[in-house]
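What follows is the residue order along each chain.
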Amino acid sequence: MAYGAMARAAKGERGGRGRRRRGEEGATPRRRIRPIRWLFGWIFRLALLAVVLLFAALGAYAVIDPPTTPYMLQERQRLGALQHEWVDMEEIAPVMARAAVAAEDANFCLHWGLDLDAIRIALEAGATRGASTISQQTVKNVYLWQGRSWLRKSLEAGITPLMEVIWSKERILEVYLNMIEFGPGIFGVGAAAEHYFGKPAANLTAGEAARLAAVLPSPQTRDAANLTTMMLRRAASIQDGAATIAGDGRAACF
């Protein structure tokens, strides 16, 4: 009996060692998997936080007027001071809104932020011409940075449709007209109207509005009050285009 008890005890000990070895071997993959799960968990949390912050930023500026932009801060540091005055859409001459759309994005009321036809034409032309809509430019000016890079363009393309869902077309155009650059250190149509023509934005004529729109998208090298012959022709074309979109309904959304 003693011998049998000793045999059972030895067998149990061997079984215990076997179970421990199997347990240890089984624990190794878990230790390897745990850091991977931890990493993916933090990536998910950071991505979720980024989405929440993005929606918060878009929601805030849907009702709050942006006080400045990254580019304006950069120019303020470079120049020392800026000219900028916010004016509500009701205080901007309708001809100015139509001129900006005619100059930069004639199908503004027809697309959802990205003009796929314009992008296709730009690609076929070797990307030598721009295809950014007013909505894309607003995202770039308010939330992102200047300069050409695939990262910025990717963020811009991802944020723009979300902005189109949250903001109205009129709000997009209002923010665009108030934050766009019209000359070195001159931001927004309110400051531009006073600087170039000595009048508030509400009193701009169709010709003056077309002149302001003609400096886009190169305000650093163009002067709305002193346009070249070529730019005067562009301004006349913009004025005609503004009248056209008013007549065919492409200005209905604003």
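Above: the structure in question.
Residues numbered from 1 in each chain as written. Predicted model: local features only at pLDDT ≥ 70, side-chain atom pairs only at ≥ 80, totals over all residues. Heavy atoms only, no water.

Student: Help me understand the packing of helix α8 (residues 189-197) against helix α9 (residues 206-214) in this model?
Tutor: Geometry of a packed helix pair, given as the angle between the helix axes and the separation of the axes. As a packed pair, α8 and α9 sit with axes 11 Å apart at the nearest point and diverge in direction by 110 degrees. As the angle between them shows, α8 and α9 are arranged roughly perpendicular. Two secondary-structure elements touch here, α8 through Val189, Ala192, Tyr196 and Phe197 and α9 through Glu208, Arg211 and Leu212. In terms of residue class, the contact of α8 with α9 is built from five nonpolar, no polar and two charged. (Axes fitted to C-alpha atoms, helices over the stretch in contact; angles between N-to-C directions. Helix = DSSP H or I, 4+ residues; strand = E, 2+ residues; numbered from the N terminus. Parallel < 35°, antiparallel > 145°, perpendicular 65-115°, else oblique. Contact = heavy atoms within 4.5 Å. Nonpolar A, V, L, I, M, F, W, Y, C, P; charged D, E, K, R; others polar.)

Student: Where do I start with unusual backbone geometry in this structure?
Tutor: Glycine aside, a negative phi is what most residues show, and trans is what most peptide bonds show. Between Leu216 and Pro217 the backbone carries a cis peptide bond, its omega angle lying at 5 degrees. Mapping Pro217 onto the fold places it in the loop between α9 and α10 (229-248).

Student: What exactly am I supposed to notice about the state of the cysteines here?
Tutor: Think of a disulfide as a covalent bridge from one cysteine sulfur atom to another cysteine sulfur atom. Enumeration according to the criterion identifies one disulfide in this entry. In this model, Cys109 is linked to Cys253 through a disulfide, with the two sulfur atoms separated by 1.9 Å. Measuring handedness by torsion sign, the sulfur bridge of Cys109 and Cys253 sits at about -75 degrees and is left-handed. In this pair, Cys109 sits in the loop between α3 (94-104) and α4 (116-124) while Cys253 sits in the segment after α10, placing the two residues 144 residues apart along the sequence. Relative accessible area serves as the criterion here: at 26%, Cys253 is assigned to the partly exposed category. (Disulfide = S-S within 2.5 Å. Buried < 20%, exposed > 50% of the residue type's maximum accessible area, 1.4 Å probe, protein only.)

Student: What is the right way to look at the nonpolar core in this model?
Tutor: As a rule of thumb, soluble globular proteins bury nonpolar side chains together. Of all hydrophobic cores here, the largest spans 56 residues; its most connected members are Met96, Leu173, Leu177, Phe182, Val189, Leu212 and Phe254. Not counting the four nearest positions on each side in its chain, Val189 is found in contact with Val87, Ile92, Met96, Leu177, Asn178, Phe182, Ala201, Leu204 and Leu212. (Core = buried A, V, L, I, M, F, W, Y, C linked by side-chain atoms within 4.5 Å.)

Student: Please explain the sheet that holds strand β3 (residues 186-187) as it appears in this structure.
Tutor: Whether parallel or antiparallel, the strands of a sheet pair through hydrogen bonds between backbone atoms. An order of β1-β3-β2 is seen for the three strands of this open sheet, with the pairing classed as mixed. The open sheet is flanked by β1 (83-84) and β2 (181-183), the only strands paired with a single partner. In the sheet, β1 pairs with β3 via two bridges, with the strands oriented parallel. Paired with Gln83 across the strands is Ile186, a residue of β3. (Pairing = 2+ DSSP bridges.)

Student: Just checking my understanding: could you explain a nonpolar patch on the surface for this structure?
Tutor: On the surface, a nonpolar cluster with roughly 990 Å² of combined accessible area is contributed by Ile36, Trp38, Leu39, Phe40, Trp42, Ile43, Leu46, Leu49 and Leu53. Checked against the element boundaries, Phe40 lands in helix α1 (residues 2-63). When its relative accessible area of 55% is taken as the criterion, Phe40 is described as exposed. (Patch = residues over 30% accessible without salt bridge, like charges linked within 9 Å, V, L, I, M, F, W, Y side chains within 5 Å. Areas by Shrake-Rupley, 256 points an atom, 1.4 Å probe, with all protein chains shown as cover. Salt bridge = Lys/Arg side-chain N within 4 Å of Asp/Glu carboxyl O.)

Student: Would you mind going over the packing of α3 against α10 with me for this structure?
Tutor: Look at α3 against α10: their axes get within 8 Å of each other, and the N-to-C directions meet at 110 degrees. Between α3 and α10, the interaxial angle falls into the category roughly perpendicular. Only Arg234, Ile238, Gly241, Ala242, Ile245 and Ala246 of α10 make contact with α3, whose side of the interface consists of Arg98, Ala99, Val101, Ala102, Ala103 and Glu104.

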